[in-house]
Amino acid sequence: LVSDYCRYEVGSATMAGCVDKVGVYWSSLPESMLTLFMTISGGVNWEETFRPLIDVSIFAVMCHIIFTTIAVLAVVNVVTGV
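Fair warning: this is a prediction, and the values are worked out from it, not measured in the lab. (Residues numbered from 1 in each chain as written. Predicted model: local features only at pLDDT ≥ 70, side-chain atom pairs only at ≥ 80, totals over all residues. Heavy atoms only, no water.)

## What about the environment of valine 72?
Piece 1. Tracing the backbone through its elements, the reader meets valine 72 in helix H6 (residues 58-81).
Piece 2. With a relative accessible area of 34%, valine 72 lands in the partly exposed category.
Piece 3. A sequence separation of 33 residues divides valine 72 from threonine 39, and the C-alpha atoms of the two residues are 9.4 Å apart.
Piece 4. Beyond its immediate stretch of four places on either side in the chain, valine 72 contacts Ile40 and Asn77. (Helix = DSSP H or I, 4+ residues; strand = E, 2+ residues; numbered from the N terminus. Buried < 20%, exposed > 50% of the residue type's maximum accessible area, 1.4 Å probe, protein only. Contact = heavy atoms within 4.5 Å.)

## Some thoughts on helix H3 (residues 29-41)
Piece 1. The end-to-end C-alpha separation of H3 is 18 Å, in line with the 18 Å expected for 13 residues at 1.5 Å each.
Piece 2. Directly after H3, the chain includes glycine 42, whose backbone phi takes a positive value near 90°. (Expected span 1.5 Å × (residues − 1).)

## Digging into the packing of H3 against H6
Piece 1. Packing of H3 against H6 leaves a shortest axis separation of 10 Å and a crossing angle of 50°. Taken together, the axes of H3 and H6 lie oblique to each other. Crossing hand, H3 versus H6: right-handed. Contacts from Leu36, Thr39 and Ile40 in H3 reach His64, Phe67, Thr68, Ala71 and Val72 in H6.
Piece 2. For the contact of H3 with H6, the residue count by class is five nonpolar, three polar and no charged. (Axes fitted to C-alpha atoms, helices over the stretch in contact; angles between N-to-C directions. Parallel < 35°, antiparallel > 145°, perpendicular 65-115°, else oblique. Left-handed = near helix turned anticlockwise from the far one by under 90°. Nonpolar A, V, L, I, M, F, W, Y, C, P; charged D, E, K, R; others polar.)

## Some details on the packing of aromatic side chains
Piece 1. One pass over the structure, following the stated rule, counts one aromatic pair.
Piece 2. Both rings, one in tryptophan 46 and one in phenylalanine 50, keep their centres 5.4 Å apart while their planes meet at 65°; by these two values the pair is edge-to-face. Pair noted here: tryptophan 46 and phenylalanine 50 are both in helix H4 (residues 46-50), with a separation of four residues, about one helical turn.
Piece 3. Given the relative accessible area of 12%, phenylalanine 50 is considered buried. (Phe/Tyr/Trp six-rings, centres within 6.5 Å; stacked < 30°, edge-to-face > 60°.)

So this is what it looks like as C-alpha cells:
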C-alpha cells in the first residue's frame, strides 16, 4: 500500500521521493515489520507510526490499530502471565 501510494504521489517507482514519515517507517516489508515490533515493544511511539498512514489508506490505519491492540492487550499479557 505504501509503495503504491508513493508511486502515485511522487511518480517514481522507488521510495526516494517519499521523504516524509511514510518513507521512514513503511519503506519496505522488513522496515514495516521492524516498525510494528518497535510499536509494541516501546521502541517508538505508536502515534509517530500511525499518523503517516492516514494519508495512505484507512485500511492501513485500521490494520495498524487492530495489530497494536491485539499484540499489546492479548499476546503480551499472555506472555507476562505465563
